[in-house]
Amino acid sequence: MHLLEIVLHSSEREAVVPASVPLHPERTDASSSESSASSDAEAVWAVVTGMYAAHEACDRDEVDARLDPKATMWHSEADGLLLGRKDLDRLRAERAAAASGPEWTGLDAHDPVADVLGDTALVRYWLRVDCAPAADGTPLRPELVRNTAVLQRDGSGAWRIVHLHEEVRQTGGVPL
């Protein structure tokens, strides 16, 4: 089963999001079978989507469980490169203190392209961030973000995100 067959897709997607690109099992480590590569790609995608599900559930521990403590991140809300959990926690505190802007209501990671190369994986995907209507009822457009995640498998076989790069392609929270 290809990874894209197990991902639910939103019918409300904006035209700016490109069509799905298939998983590339032929680009996986030559020593792995296609079945193993597909299984690894599914496990990697589960780490990524699990991170967003935990974020929606406001479960910081579950988000952090998917991130290597030393993970680096080009975060869409930060100017500089975040270097590990300390920088991420600082950004989280700044965000909580500001508490302004639209109310985000949902996250949809979709259209993954994954390559597994031994104990390292590279996943490219889109993230749609939905928001509640404005106070006056005006619908607000979603934010569309291109992402690249690099994951590594640890000694126990668990995948962890070691780098995440976000690029906002459509700013959300503004009237449609």
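It should be noted that the structure appears before, not after, this text.
Residues numbered from 1 in each chain as written. Predicted model: local features only at pLDDT ≥ 70, side-chain atom pairs only at ≥ 80, totals over all residues. Heavy atoms only, no water.

What follows is about the overall build of the protein chain. Within the protein chain one finds three helices and six strands. Going from the N terminus to the C terminus, the protein chain shows its helices and strands as α-α-β-β-α-β-β-β-β. Expressed as a percentage of its 176 residues, the buried residues of the protein chain come to 40%. Intrachain contacts of the protein chain at a sequence separation of at least 6 include 59% that bridge at least 24 residues. For the protein chain, the accessible surface area stands at approximately 9500 Å², while carbon and sulfur atoms represent 52% of it. (Helix = DSSP H or I, 4+ residues; strand = E, 2+ residues; numbered from the N terminus. Buried < 20%, exposed > 50% of the residue type's maximum accessible area, 1.4 Å probe, protein only. Contact = heavy atoms within 4.5 Å. Areas by Shrake-Rupley, 256 points an atom, 1.4 Å probe, with all protein chains shown as cover.)

Along its 15 residues, helix α3 (residues 84-98) runs 22 Å from first to last C-alpha, staying within 8% of the 21 Å computed at 1.5 Å per residue. Those residues of α3 lying buried are G84, D87, L88, L91 and R92. Buried residues in α3, looked at end-on, bunch into an arc of 140 degrees, giving them a common side. Seen from the buried face of α3, the exposed residues on the opposite side, beyond 90 degrees, are K86, A96 and A97. Count one or two residues on from α3 and you reach A99, which has phi positive near 40 degrees. (Expected span 1.5 Å × (residues − 1). Arc of directions from axis to C-beta.)

This part covers the nonpolar core. Grouped together as the largest cluster of nonpolar side chains are 30 residues, with contacts concentrated most on Y52, Y125, L151 and L164. Of all the elements in the fold, those that place two or more residues in this core are α1 (34-56), β1 (67-74), α3, β3 (104-117), β4 (120-131), β5 (143-153) and β6 (159-170). In terms of residue count, the dominant contributor to this core is α1 (eight residues). What L164 contacts, discounting residues up to four positions off in sequence, is M51, Y52, T72, M73, W74, Y125, N147, T148 and A149. (Core = buried A, V, L, I, M, F, W, Y, C linked by side-chain atoms within 4.5 Å.)

Turning to the pairing of β4, a few remarks are in order. In this sheet, β4 lies alongside β3 in antiparallel orientation, the contact comprising 11 bridges. Bridge assignment links W104 to a residue of β4, and that residue is C131. The antiparallel pairing of β3 with β4 creates a hairpin that spans two residues between the two strands, and G118 there sits at a positive phi of about 70 degrees. Inspection of the sheet shows β4 paired to β5 by 10 bridges, in the antiparallel sense. Each residue of the ladder has a partner; that of L122, found in β5, is V150. (Pairing = 2+ DSSP bridges.)

Right, let's get into the packing of aromatic side chains. Pairs of aromatic rings are described using the distance from one ring centre to the other and the angle between the two planes. Per the counting criterion, the structure on display carries two aromatic pairs. Summarising the aromatic geometry, the rings of W45 and Y125 are spaced 5.4 Å apart at their centres and angled 70 degrees between planes, so their arrangement reads as edge-to-face. On the criterion of sequence distance, the pair formed by W45 in helix α1 and Y125 in strand β4 is long-range, its members being 80 residues apart. Of the two residues examined, W45 and Y125, each falls in the buried class. Relative to Y125, the ring of Y52 lies with its centre 6.1 Å away and its plane at 65 degrees, an arrangement referred to as edge-to-face. Linking Y52 in helix α1 with Y125 in strand β4, this pair joins segments that are 73 residues apart in sequence. Like Y52, the residue Y125 is buried in the burial classification. Grouping aromatic residues by their ring pairs yields a cluster made of W45, Y52 and Y125. (Phe/Tyr/Trp six-rings, centres within 6.5 Å; stacked < 30°, edge-to-face > 60°.)

Quick look at the sheet that holds β1 now. Spatial ordering of the open sheet is given by β2-β1-β6-β5-β4-β3, a layout of six strands whose pairing is mixed. The open sheet has two edge strands with one neighbour each: β2 (82-83) and β3.

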